[in-house]
Amino acid sequence: LRKCKSLNIHTAIETCGYVAWKVFKQLLDYLDLVFIDIKHTHPERHKALTGVSNDIILSNVKRLLAGDFQTVVRIPLVSGVNDAMLEIEGIANFLKAIDCRGLQHVELLPYHKLGVAKYESLQRKYRLANLAPPAKTYVEEIKDLITSHGFETRIQGFGYED
């Protein structure tokens, strides 16, 4: 990253944000853009889904957005896991309650099945193979909900792009 910045090459990272702030902060001088996920706002549910609490992640989101760091908040949408309107409302309310001066926009990343063939080729079991991607109309409703809270919202992903 340091070398890229010295050559005026745009730099970015994608992260779940589960890292100590003192480590994260060391990278920020060398980054132009940070993509960070919010998978769930409820700590217990987040831990059940990912194995870790979201306390560190949400704290890092707050710090990034309150600073001068160009940040895109991403919400991976997995049907039946975190795509309920109540959960999306929780994420929007979390963002509304904090300083979001560094927020570029919110991106919705609907689950897709593009990884199934890759896992099959590696002879590995794909645990989400029976999960259906969310309907495009439902993803649009989610986008409308977040947008109604005042955030520019985009949909990214195979077959869903704005």
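Residues numbered from 1 in each chain as written. Predicted model: local features only at pLDDT ≥ 70, side-chain atom pairs only at ≥ 80, totals over all residues. Heavy atoms only, no water.

## Here's the deal with the sheet that holds strand β2 (residues 33–37)
Taken together, the five strands give an open sheet; going across it, the order is β1-β2-β3-β4-β5, and neighbouring strands pair in parallel fashion. Looking at strand neighbours, the two that pair on one side only are β1 (12–15) and β5 (153–155), the edges of this open sheet. Between one strand and the next, the sheet's axes are offset by a mean angle of 20°, whatever the strand orientation. Summarising the sheet, β2 and strand β3 (residues 71–77) pair through four bridges and their orientation is parallel. Note that in β3 the partner of I36 across the bridge is V73. (Pairing = 2+ DSSP bridges. Helix = DSSP H or I, 4+ residues; strand = E, 2+ residues; numbered from the N terminus. Axes fitted to C-alpha atoms, helices over the stretch in contact; angles between N-to-C directions.)

## Side note on unusual backbone geometry
Phi angles above zero are rare outside glycine, and N8 is one such case at about 60°. For N8, the location among the structural elements is in the loop between α1 (2–6) and β1. Residue N8 is classed as exposed on the basis of its relative accessible area of 73%. Phi at Q123 is positive, roughly 55°, even though this residue is not glycine. Inspection of the secondary structure puts Q123 in the loop between α6 (115–121) and α7 (136–148). (Buried < 20%, exposed > 50% of the residue type's maximum accessible area, 1.4 Å probe, protein only.)

## A short note on the state of the cysteines
In a disulfide, the sulfur atoms of two cysteines are covalently bonded to one another. Counted according to the given criterion, the structure contains zero disulfides. As a non-bridged cysteine, C100 has C16 as the owner of its nearest cysteine sulfur, 19 Å distant. (Disulfide = S-S within 2.5 Å.)

## Describing the environment of L27
Counting through the fold element by element, L27 comes out in helix α2 (residues 21–28). Looking at L27, the relative accessible area reads 33%, which means it is partly exposed. As for L27 and S148, which are separated by 121 residues in sequence, their C-alpha atoms are 33 Å apart. Apart from residues lying up to four places away in sequence, L27 is in contact with L1 and I13. (Contact = heavy atoms within 4.5 Å.)

## Quick look at α7
A rise of 1.5 Å per residue sets the reference length of α7, with its 13 residues, at 18 Å; its end C-alpha atoms lie 18 Å apart and thus fit the reference within 8%. Listed in full, the buried residues belonging to α7 are V139, I142, K143, L145 and I146. One side of α7 holds all its buried residues, which, seen down the axis, span an arc of 160°. Along α7, exposed side chains directed more than 90 degrees from the buried face belong to T137 and S148. In this structure, the buried residues of α7 make contact with β3, α5 (85–96), β4 (103–110) and β5. Phi turns positive one or two residues past the end of α7, at G150, with a value near 95°. (Expected span 1.5 Å × (residues − 1). Arc of directions from axis to C-beta.)

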